[in-house]
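Below, each chain spelled out in residue letters.
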Amino acid sequence: MKTNVAVFFGGRSVEHEISIISAVQAMGNIDREKYNVIPVYMSKQSVFYSGEKLCDIETFKKGAPDKDGYPVTFVPKGNKTVMVNLSGGLFKKKDTPIDVCFPIVHGTNCEDGSIQGYIETLGLPYVGCDVMSSALGMDKVLFKNVLLDRGIPTLRCIDFGARDWALNSDEIEKRLISEIGFPLIVKPANLGSSVGISKVDDETELRSAIDTACSFADRVLVEHAVSNLREINCSVLGDRNDCKASALEEPVAHDKILSYDDKYRSNAGKSGSKGMASLSRKLPADLPSNKQEEIQKIAVETFKAIGASGVVRIDFLLDGDDNDKVYVNEINTIPGSLSFYLWEATGMKYTELLDRLISLAFKRERERENTMFTIDTNILNESSFGQKGSKGKI
Ligand SMILES: Nc1ncnc2c1ncn2[C@@H]1O[C@H](COP(=O)(O)OP(=O)(O)O)[C@@H](O)[C@H]1O
Ligand SMILES: [Mg+2]
């Protein structure tokens, strides 16, 4: 019997299109001898669609996923959770039982624990980080706090809310200048793909950079900008008990900040559908072996610190003015292209990576089966609260 894998992608996120690319790549590489792939495309309005044609990038280029697919929802039925076709009529398909979910989504409302929480309530196993580690990975400030708490190197930051900024901008500006100084970087606390990020070299640019970041998020962070910068990325695969780091890559930026275009548009070829796999990069990164080992060790510590699972990518900043001092910049809990190219460079084919990820989902499910989630009690009948008022202990 083949395993039914529901691949969730798209979603209400600015990285909707990137998710389509990552998911189509993955669906094209899953071992079809072992797995039935069930695409679950989530529109920007959060309507879920399924159908064979949603495995094909052409469907999305045509812009017709709602016509080429049919609307679905998920409901528990007996001891299974099934996907139900919501379109009526002659061609209405039978319910499809789901064995495991595979979220391949990027950005807020999706990668931040939202989809993971939805799948949890369905009671299905799923690939990748759980709700808490996904949420921690998405919030750059909370993520830094966890790392600092564990002594893992990351740049300290000052964070504040958009409302704070509107009310106390003079005070905040003074604090940023005295505690961080220039150059500095302003970032929305919970976005990706370089959206809303600016490097600021002096006071004249500071206010407009913060205004820009505030237009994208209700919380902003500011940190020292590394001037003589090298960026190195490393993937980690496994779970908190057993994980390993991949080969390292050095992405090549075309501007002072690695932009959305650098990440997803440049070099993408005519098809424009290669995602992160098409970024200009040095792979493996040209670094002395002791520096590589240091980065891989910190990558594993970071993965464990947030309790991650599956495949993640951890991005580092190296400060060339301080002996290439290593800082963790951020974690991507569902990295673009699932970082398959880093694992290929480590000797693992994409199909095997996907197989391992699905196995990890079942492993976590087995571990969870030992945890009790419901307690059978008769509390509603036993306690005497009700129409006459509560006399119970609640
Ligand atoms: N402290 C910093 N110093 C110098 N450059 C930085 C710093 N933080 C970020 N950058 C640049 O900005 C880019 C985007 O920032 P990042 O924190 O990775 O946000 P995103 O989640 O949008 O990818 C980085 O890839 C890097 O080029
Ligand atoms: Mg980044």
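The structure we're discussing is the one just above.
The rules we used
- Residues numbered from 1 in each chain as written.
- Chains lettered and ligands numbered in written order.
- Predicted model: local features only at pLDDT ≥ 70, side-chain atom pairs only at ≥ 80, totals over all residues.
- Heavy atoms only, no water.
- Core = buried A, V, L, I, M, F, W, Y, C linked by side-chain atoms within 4.5 Å.
- Buried < 20%, exposed > 50% of the residue type's maximum accessible area, 1.4 Å probe, protein only.
- Helix = DSSP H or I, 4+ residues; strand = E, 2+ residues; numbered from the N terminus.
- Domains from an automatic or database assignment.
- Contact = heavy atoms within 4.5 Å.
- Polar contact = N/O pair within 3.5 Å; in protein donor to acceptor, adjacent residues only side chain to side chain.
- Pairing = 2+ DSSP bridges.
- Axes fitted to C-alpha atoms, helices over the stretch in contact; angles between N-to-C directions.

Peer 1: Please clarify how the nonpolar core should be interpreted in this entry.
Peer 2: Here is a general trend for soluble globular proteins: nonpolar side chains tend to be buried in one another's company. Grouped together as the largest cluster of nonpolar side chains are 56 residues, with contacts concentrated most on Val-7, Phe-8, Phe-74, Phe-102, Leu-338 and Leu-353. Ranked by the residues each element gives to this core, the list is headed by helix α12 (residues 350–368), at seven residues. Three or more residues apiece are contributed to this core by two domains, here domain 1 (3–126) and domain 2 (138–151 + 227–364). In this structure Val-7 touches Ala-23, Met-27, Ile-30, Val-37, Ile-38, Pro-39, Val-40, Phe-102 and Ile-104, once residues within four positions along its chain are discounted. Counting residues in hydrophobic clusters, the runner-up holds 29 residues, among them Leu-136, Ala-285, Ala-299 and Val-300.

Peer 1: Sorry, what's going on with the side chain of Ser-50 here?
Peer 2: Mapped onto the secondary structure, Ser-50 falls in strand β3 (residues 48–50). Among the polar contacts listed, one links the side chain of Ser-50 to the backbone oxygen of Pro-39, at a separation of 2.7 Å. With near-sequence residues (within four places) excluded, Ser-50 lies in contact with Ile-38, Pro-39, Gly-69, Tyr-70, Val-72 and Met-83.

Peer 1: Would you mind showing me how to read the sheet that holds β3 here?
Peer 2: Adjacent strands of a sheet pair through backbone hydrogen bonds, lying either parallel or antiparallel. With respect to topology, seven strands assemble into an open sheet ordered β6-β5-β4-β3-β2-β1-β7, the strand pairing being mixed. Of all strands in the sheet, those with a lone pairing partner are β6 (96–98) and β7 (100–103), marking the two edges. Geometrically, the sheet is characterised by an average inter-axis angle of 40° between neighbouring strands, direction not taken into account. In this structure, strand β4 (residues 70–77) lies alongside strand β5 (residues 80–85), joined through six bridges in antiparallel fashion. Directly across from Val-72, in β5, lies its bridge partner Asn-85. Contacts between helix α4 (residues 114–122) and the sheet are confined to β1 (3–10), β2 (35–42), β3, β4, β5 and β7, with β7 contributing the most and set at about 175° to the helix. Strands β1, β2 and β7 of the sheet are contacted by α12, whose axis makes an angle of about 125° with β7.

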